[in-house]
Every structure is written in structure tokens, then in C-alpha cells.
Amino acid sequence: MSLLDVRDLIVRFRTADGTIHAVNGVSFELEAGETLGLVGESGCGKSVTNLALMRLLPKPAGRIEGGQVIFDGLDLLTLSEAEMRDLRGKEIAMIFQDPMTSLNPVLTIEEQLVETIRAHRRVSKADARRRAIALLEMVGIPTPEIRLRSFPHQFSGGMRQRVMIAMALALEPKLLVADEPTTALDVTIQAQVLDLLGRLTTEGGTALILITHDLGVVAGMTQRINVMYAGYIVETAPTPELFGHPSHPYTVGLLHSIPKVTQRDDEELIPIEGRPPDMRQAPVGCPFASRCTWRLEVCWTDNPSLRPVQAGARLVTTGPEATHQIACHNPPTAEEATAGRPVRPGFRPAPAPAGRMDELVLLAEGPA
Amino acid sequence: MSLETPGVTAVAAAPRRAEERVSRGLWSDAFSRLLRNRPALVGLICITAFIGVAILAPVIAPYGPYEQRTGGRLEAPSAAHLFGTDLLGRDMFSRVLYGAQISLQVGVIAVLMALVMGGLIGALAGGLGGWVDSVLMRVTDVLLAIPGILLAIGIIAWLDRGMLQLMLAIAVTYVPIFARLLRGSILALRESDYVIAAGAVGASRLRLLVRHMLPNALTPLIVQATLILATAIIDIAGLGFLGLGPPDPRTPEWGTMLVDARRFLQTAPHIVFFVGGAIVVSAIGFNLLGDGLRESLDPRLKR
Amino acid sequence: MLKYIVRRLLATIPVLLGLSIVLFAFVHLLPGDPCTAILGQRQTPAACARLRENLGLNDPLYVQYLDYIGGLLRGDFGASVINSKPFFDEFSVRFPGTVELTVAALIFAVGVGIPLGRLAARHAQGWIDGLVTAISLFGISIPVFVLGLVLVLIFGVTLGWLPTQGRIEARAGFEPTTNFLLLDTALAGRWDLFVDVLRHLILPAIALGSIPLAIIARITRASVIEVSNEDYVRTARAKGLTERRVDDRHIMRNAWLPVTTVVGLQVGGLLGGAVLTETVFGWNGVGRWVVDAIGNRDLTIVQSTILVFALIFLIVNLIVDVGYAFLNPRIRYS
Ligand SMILES: Nc1ncnc2c1ncn2[C@@H]1O[C@H](COP(=O)(O)OP(=O)(O)O)[C@@H](O)[C@H]1O
Ligand code: SF4
Ligand SMILES: [Mg+2]
């Protein structure tokens, strides 16, 4: 049995401007100790997916409107608030993007660490403090006894994120969700923090969901990657497979829209044109259709579901099932994936059906 | 390897929408948003009633404000006298209507005076900076240190009573608020891109101030002025209640009318209710409208 | 921290200087003839000469100003131009009344306003929030004296539950010592009168406290809502803290900060509003004295009262700012 099993998760926000379809039926699994990357443009629903499984969606707008989250045999969405609270921080911990704002400015590091420990373990303050010192040491903060008494603003961004990691790992959780943990940090610090995160989760056997919009970050750290687009998982594959055989037009686009260190001359940079769809409407066809150069007629009307990729002998699997899946009617061939665009002779992306075009223009201009 | 290419992110899309909004006309857009804001609409109705009554008082009022009838003193409300009569047998309904006229006149003129004086101070302080700024800001600090009504009382004591003095006294208490507000927006706008751009193409400082900064600083000023009108109306009545209102004691000024009400609370409680009600309704009106304006002029500020 | 306090102290010096100049001009630079302005119909050549003598109006202006400042520094706040009684003689008798009133009003405003604001924030957008918003709108829209009169009418005249005039039952013939009547009655062991003083305080305190209450409720609501959306509150929840702990420790500790500043600023409004409240409730305080002084054109009394009130306002806000710095580690450790 897997550690985490998310099935058909649907999250919507009810706002004054209408309903926002943030997550539209997301399913994925995670084994104990496994490392999963969640990648996609900002706004595609990565954070919301994970806040939902922690049941920490902003109230009252954010609602889980469907699906199941099974963690360690427990159906999280049916637990009482008190039972859920026991899990948070203890079994599932989270690290957020901005270490500048994620720590409480008026409490000392000690107060924040100790309260985390004492929320879940019946230990004395002195014991909790000793544990806090050990944790700070573990994440590489020098003179932890002294630094404990500091306030967050007295730390640098990288140091604060280390404190966040220490806090998240304080109770040796089974699962750690790191939501863009290095996005707000200096490039030079990023690698150090990722390194630390990778090392500690491996050592502790902690499963990790690493959220990022940066494919480079997940490349070296994860065993598997989910690519999200507009609230859907559009491609999922073991990491080497995803980079070796990207099979969804969006993933292909992602890989071609950004310069690589190993950029070859014959590899063009092809930006993904257009913008993500307006999440205030559930898409009729494929959510990527308006930006896709592979699209067929059917793409405008039928939203494809995730299906195993037929990549023959090259398919890499880690489990009994085929684990490279995509949601696409017209997947790029290996050749096209390398080229970054369709190379079939005479192929043209299907034009938008009549009536749909006006809507798209309106969408592109933004709502009134 | 980053996916955050500009133009393809949802985040980048948001400001573009805001720009389009502005281009479609800040004011007409704000107005339509105002009409959809129910509390603001209530405010607008209160104020329309208040202003309408003030202007039309001579038409609506069944009696003149000074008209005395012997015998009918401190009468309770009746068909002939909707709001009853006062100590001198004057029709309270008519006096409350005329009172709206006085409050509106004094209030509007006082707030305009405060706006001009405060605006000038704020513009000079924010525009010139340096020691001018320091001196002017200390002046506003001094004014803010004196409790508002006491400042107004002091000014009237100094200048002696009179309509103009009354307006000036009210105005001075609000000068620091407008001064700081305008100074604040000028300082913020001075850093903003388009003012820097205008400066780069060689627009003079005064031109910059008048053409670019003032129109943009106008929004908070208008919002503040509306809210201050509510407090100004309350303050005018307060001064009247202390016997420092219009010099002619017969003037149908709401606060002045309440002096009698206090003495005859037991026999004629209706005076407090009608006069007090008039003050409260107009103050609520301006407060609601001010809050509504703030929300509809500033699209980011959603409740 | 020390640097911050020193800087804050130094910043008040120009304000004090400005205040002294304004108040000096208030008496010494009257528009028109000072004798007419101050004495009015009481004007006789002899009285006029005495007035000029007392105020030093025959000296050059800068000498007058230096005399004024010198007097203030020696604690000489001038004397009534009517009966020549020193300012503090009467002030010290009346001031305790105003202090009791404003402190009671402040306690009422803070004690009700903050819980109301928290309640509204917790149920943001719901009907409780709407109700609190309506209450605070009403609070800032109803003048102190109108509310006072209505309270007198309802609880005094109609229901007869509470006394509406004065600070203490006059027939009791109580002889105060400090004029802080709550203190005096308690020290004298007259608990019946202590309760009586409290009962006299209720209506005026509610009338005077209503505006600050509305403002404090609003700012508390806004502050709590803003803090609730901060990332660190989400962190606190993600750590598995109880909702109560998140509220008290993570939200309120931060939400307090802007609230303290606003509470400090209310003191000015309270002192001003006391003038009106004292008039409604026949309250023997400084406010009524000032109103009488204006009627008599006793300008030195008005001048010194304004000075004392402004000083109180400045000192309270100085304390609040230092308290703010102390509550806020970003300032405390910088
Ligand atoms: N509090 C909220 N209220 C309304 N919409 C929200 C809220 N939080 C997120 N959303 C919407 O949900 C979608 C997914 O957001 P999110 O998960 O934060 O994206 P990301 O992939 O960048 O983490 C976005 O379209 C966003 O606008
Ligand atoms: S080919 Fe069709 S289904 Fe596949 S991504 Fe493009 S539009 Fe969507
Ligand atoms: Mg995110």
C-alpha cells in the first residue's frame, strides 16, 4: 500500500468573481520514502493540491469538492478537525515558498520550534529546547544555543529556510511537502538548501513532494515527476523517462521554452505562446488546446484523460503498472519531441471551431 | 531552467487586466462599481436626501425657520407639526430642514477650505522636500496634538464667533489630515515609474506636480473629504451645542437646537430624536459613501 | 531600542516648541485690541491697565514669549484674567473628574471594541461581521452629545436606572480629598458611595467611548483579517497547533501592533469629546470649565487647558510608541 493516495481531487474557490476551478480531478500515488516532483507554471494548482491534502485551504473560499486522500491508510477528508490537527506537523509537514514571511516575526525561533514539538509530544520545555538545538545543528545553523533566542528578522533568507526545514522535520514526519522551497532564495543558496533537504529526507526515510516551477530543481532530486497544467496532471513519469521521452505537448513545450546549459545549436528555443486558460470556467476540450501546436479537431471538444504511453521497449517502469502516463489526443513522436514542434508533413494545428474563437479572444484580453 | 517566462504566467496576466480597466475610464468604471455596492448606495441615498432637503428647504418647509406661534410651545409631533414645536413654538420640521442647509453650507465650505490649505501644505512639503517638508510636517504635528474640537473651540475663542470663523475653525482641524495624505501620495508617486519617465523627458517640477501627481493623488483626497464631511457635520453640531455655533442664537443650526433639547429633555424628547436623527443620518450617509468610494476607486481594495 | 526612544523623544521637541508658539499667540497676539477682546463689556481703563500689566503686553513680543516659556518651565501656567486665580488651583480640582471619565470611556472602548473586532474578523463576511460593521458605522456617525442625550433620556428620564447628572450624589455631602472620587470613596471606606460614583460614570463613559469603540473595532477587525492571511499563520496551522493557539499566539500577537497605535491616538478624541460629554452630564471636569472660560473670554484658562491636553496626548502617544517598539522585535532588536 502506498503512503499517499490522492484520487480525483477536485478543489474550487468560490469568490465574488465566480468559481475558480483550481484543481480538476488530480490523482497520484506516493510510496513511503519516495520523492515526487510537482511541476507547472505558477497558478496551475500545485500549492492548492497540497494545501487541500493538508486541509489548509483558505477558508471559506477554498473547498474540496470531490475526491479522496488516503494517507497511511487514513481517509484524510473524513477525519475530524482534531484528528487532522494531530497529523499536521507530526505525520505530514510543510515548507513554504517564502521564508521571509513564513516565520512569525514576533516569536523567537525557540518559541516557534518548541511549540511545534510540544504540540505533539508530551515533553518538558527543557527537553523540547534540547531537541530544538539538535535540530538547528542538523540543518547547519552555527551556535544554535544562541541563535535559538533570535527573531526571524535576524536571520538571512537561506538561514530562515533552514529553520523552516528544522521545524518541518522536528517530529520526523512520514511526508514532507516543500512548496517552492528555494524560489525566494539567492541562486547560490538554492543548491545548498536543496541539498540539505534531499539529504535529510533520504536519511530520515521521509517521503517528499517537491513543488516547483523549475524543471532544473526536480531533475536531480526526484524519482518521479507530475506535470500540472490548469488544475490537471497532464504527464507523469519517472524522472529520467520524463526528461528522456517527454510525451505531452506541454512538457515538450516546457523543455523547449527555456535555455539549457547543454543547449545545442540545432535545438531552437520555442516559447509557449498564449496564456493558461481562465480557471473560472471548466474547460470544454483539452485545457492546453489554445496553445498547442499538435492539436486535432477533437481536442477542442474532448478533454483527454491520463493514459499509459505506448513507448515500446524504452518504457521505464518502477512498479507493476505502466507508470509513464499522459493526457493527450495527439502525443508528439520522439522525433517531434526533440524538434519541439510537429514535423509530420502537411500537419497544421486544427483551427478553433466557429464561435469558440471569439471566446478565446475575449479570454486572451482578460475579463471585463 | 525556469518556466516563469513573462507573459505566459497567470501572475503577469493580472496587471494587464488592471491596465485595461484604467483605460476604460477610471471614473465611469468606479461609478458602476459604486452602484453595485449596496452600503454605498444607501449612503448615496442618504446624502441625496440630505442635499435635496438642504436645497429645497424653502419649498418643502411648511413654516419659516423663525416663524413663532404663541401657545404651541414644545408640542409633541402632530399632523400640523410633524416633528413637534420648540420652546418658542417654532415648527421643528421646518427648522430641521433649514438646519440641513446650514450644516451642508458650513460643512462643505469648511472641508473645501481644509482641502485647499492642507493640499497646499502637503504639495509644498511633498514636492519640495528638505527643510520645507520638515517645518510643514511639524506644523501639522502641532495641530494634531491638540484635540480637534478643542482646537476649533480655541480658534473661535481667538477670532470671536461668526459664520466664517466657524468654518475656519472646523477647517483648520482637518488641515493636517489632508496635508499628510497629499504629501504621502506625492512621495509614493514620485517613486513611481511613469513620473520618473515624465521627469526623464524633461517635464518641469511644477508641471510634474500639477499634471501628473495631483490627478493621481486626487482619489484618496476625494475619499477622505467625503469621510471628513461626516465628522465635520458632527463637529459643527458639537460647537453649536457648546454655544459656539452661528452667532445669531435663532439660527436653525442642529447643535444649537439641541441646547434647548437638553433643558427640556423630559417634556420634549422629540427634539433630541429628530435633530439627533438628522445629524446621524447625514453622517452615516457620508461615511457609507466615503467607504464605498474608497472600495470602488481602488479595485485592489476588496472586502 | 534606546536609540529609537531617544530619537522619538527628540522628535517631540519641535512639536512642543510649535505648540508653545501657537498658544502664546493665542493670548498675546489677539486680533484687535486685547482689552476689548478679553474684557469685552467688563472693560474699564483700570481693568485694561491691569490686564496689560498681568500679561506683560507692554513688553516687546519676544520678551513676552520668553516670559511665557519661562513661566511654563517654572510650572506657572498663568492665572484667570477674571479672578486672578492661578490656573492649577481650579484645574487640580477639576482634572480628576476628566481623568476618571476619559479612562472609563477608554476602558469601555477597548474592552468592547477589541472583542467586537475579533469576533467580526473571525466571522468575516458573515452576519456577525455585518452587525459589527453596522454598529461601528453607527458609533462613528452619532455625535457624543446626541448619544449622551439619548442615554439620559432612556436610562435616566424614562427608566430611572442610572443617575444622569454630576459625579456623585450631592446629598451625600461627601468631602473629596484627591477628587479622584473612586479613590476617595474607596479610601474612606464608603463603598456605597463608591458604587454610586461608578453608577454616575456608566452613561457618560458609554457616550464618550462610543466613537473610539467604533474605530478600535474597525481597526482590530482589519488587523486580525490581515494577519490571518499571513504565511506564518498558515505555517502555524501546518504545524498542527490548535486553533486557539494560532489565534492567541500567532494572530493576536501581531494584530495588536496597529491596534495599540490607534488606541493611543484615541486619547486626543477622548479629551476633546470630554468637553461635550461633561456638558451633557453636568460633569464637574475640565471640559465644562473650558466652556465656561470661553463664555467669560478667560483666555489664559483656555490656553493652559489646551496645553495640558496636548501634553497628555503627546506623552500618551510617546508611551504607546515605546510600547509598540517593545512589542515589535523588529524594532526592539535594531
Ligand atoms: N485564496 C484563493 N482564492 C481564490 N483563488 C485562489 C486562491 N488561492 C489560489 N487560487 C487559484 O487557484 C489556482 C491555483 O493556484 P496555486 O495552487 O496557488 O498555483 P501554483 O501552481 O502556482 O501553486 C490559481 O488559479 C489561483 O488563482
Ligand atoms: S494534442 Fe490535443 S490533447 Fe494533446 S495537448 Fe494538444 S490540444 Fe491537448
Ligand atoms: Mg504555489
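Residues numbered from 1 in each chain as written. Chains lettered and ligands numbered in written order. Predicted model: local features only at pLDDT ≥ 70, side-chain atom pairs only at ≥ 80, totals over all residues. Heavy atoms only, no water.

Asks: Quick rundown of the site of ligand 2? Include the residues and the values.
Replies: The environment of ligand 2 is formed by 13 residues, the closest being Cys286(A), Cys292(A), Cys299(A), Cys328(A) and His329(A). Its residues placed into classes, the shell around ligand 2 shows nine nonpolar, three polar and one charged. (Near = heavy atom within 4 Å. Nonpolar A, V, L, I, M, F, W, Y, C, P; charged D, E, K, R; others polar.)

Asks: So, the interface of chain C and chain B: which residues are in play, and what are the values?
Replies: The accessible area lost on association of the parts is a frequent measure of interface size. At the junction of the two partners, chain C supplies 48 residues and chain B supplies 37 residues. Buried area between chain C and chain B, both sides added, is near 3,700 Å², and the carbon and sulfur share of it is 80%. For chain C, the biggest contributors to the area lost against chain B are Phe145(C), Leu149(C) and Leu153(C); these three give 15% of the whole. Summed over the shared surface of chain C and chain B, the number is one salt bridge. Of the charged contacts, one joins Asp291(B) and Arg218(C) as a salt bridge, the two residues approaching to 3.1 Å between their closest N and O atoms. Across the chain C-chain B interface, the total number found is eight residue pairs in polar contact (both at pLDDT 80 or more). Residue assignment for the side of chain C that touches chain B shows that the elements contributing at least two residues are helix H1 (2-28), helix H6 (127-141), helix H7 (144-158), helix H9 (191-228), helix H11 (243-280), helix H12 (286-295) and helix H13 (299-327) of chain C. (Contact = heavy atoms within 4.5 Å. Buried area = accessible area lost by both parts, 1.4 Å probe. Salt bridge = Lys/Arg side-chain N within 4 Å of Asp/Glu carboxyl O. Polar contact = N/O pair within 3.5 Å; in protein donor to acceptor, adjacent residues only side chain to side chain. Helix = DSSP H or I, 4+ residues; strand = E, 2+ residues; numbered from the N terminus.)

Asks: Could you give an account of the nonpolar core, with specific residues and numbers?
Replies: Across soluble globular proteins, nonpolar side chains show a tendency to be buried alongside one another. Grouped together as the largest cluster of nonpolar side chains are 155 residues, with contacts concentrated most on Ile153(B), Leu239(B), Trp254(B), Leu258(B), Val275(B) and Ile279(B). With residues near it in sequence (within four places) discarded, Val275(B) still touches Met92(B), Val96(B), Trp254(B), Met257(B) and Leu258(B). Counting 100 residues, the second largest nonpolar core, distinct from the first, contains Leu4(A), Val48(A), Met167(A) and Val217(A). (Core = buried A, V, L, I, M, F, W, Y, C linked by side-chain atoms within 4.5 Å. Buried < 20%, exposed > 50% of the residue type's maximum accessible area, 1.4 Å probe, protein only.)

Asks: Describe the sheet that holds strand S10 (residues 232-238) of chain A, and please don't skip the residues or the numbers.
Replies: Residue and element names in this part refer to chain A. Strand order in the open sheet formed by eight strands is S6-S7-S8-S3-S9-S10-S12-S11, and the pairing between neighbours is mixed. Each end of this open sheet is capped by a strand with a single partner; those strands are strand S6 (92-95) and strand S11 (307-308). As defined by bridge partners, S10 adjoins strand S12 (residues 325-326) across two bridges and the pair is classed as antiparallel. What sits directly across from Glu235, in S12, is Ile326. Running at roughly 175 degrees to S6, helix H7 (residues 157-169) makes contact with S6 and strand S7 (175-179) of the sheet. (Pairing = 2+ DSSP bridges. Axes fitted to C-alpha atoms, helices over the stretch in contact; angles between N-to-C directions.)

Asks: Go over unusual backbone geometry with me, naming the residues and quoting the values.
Replies: That bond from Lys59(A) to Pro60(A) is cis: its omega, -5 degrees, falls within 30 degrees of zero. Following the sequence through the fold, Pro60(A) ends up in the loop between helix H1 (46-54) and strand S4 (62-71). Even without a glycine there, the phi angle at Arg297(C) is positive, about 55 degrees. Mapped onto the fold, Arg297(C) is located in the loop between H12 and H13. For Arg297(C), a relative accessible area of 17% gives the class buried.

Asks: Break down the interface of chain A and chain C for me, citing the residues and quoting the values.
Replies: With 28 residues of chain A in contact, the opposing surface of chain C contributes 22 residues. Interface area, chain A with chain C, both sides summed: about 2,200 Å², of which 58% is carbon and sulfur. When the buried area of chain A at its contact with chain C is split by residue, Arg85(A), Val106(A) and Glu115(A) rank highest and sum to 25% of it. The tally of links between chain A and chain C comes to four salt bridges. Arg245(C) is the partner of Glu115(A) in a salt bridge, and the nearest nitrogen-oxygen pair spans 3.4 Å. Counting every contact that joins chain A to chain C gives 13 residue pairs in polar contact (both at pLDDT 80 or more). Taken together, the elements giving at least two residues each to the side of chain A that touches chain C come down to H1, S6, helix H3 (99-102), helix H4 (109-120) and H7 of chain A. Of all the elements, H4(A) adds the most residues to the side of chain A that touches chain C, at six residues.

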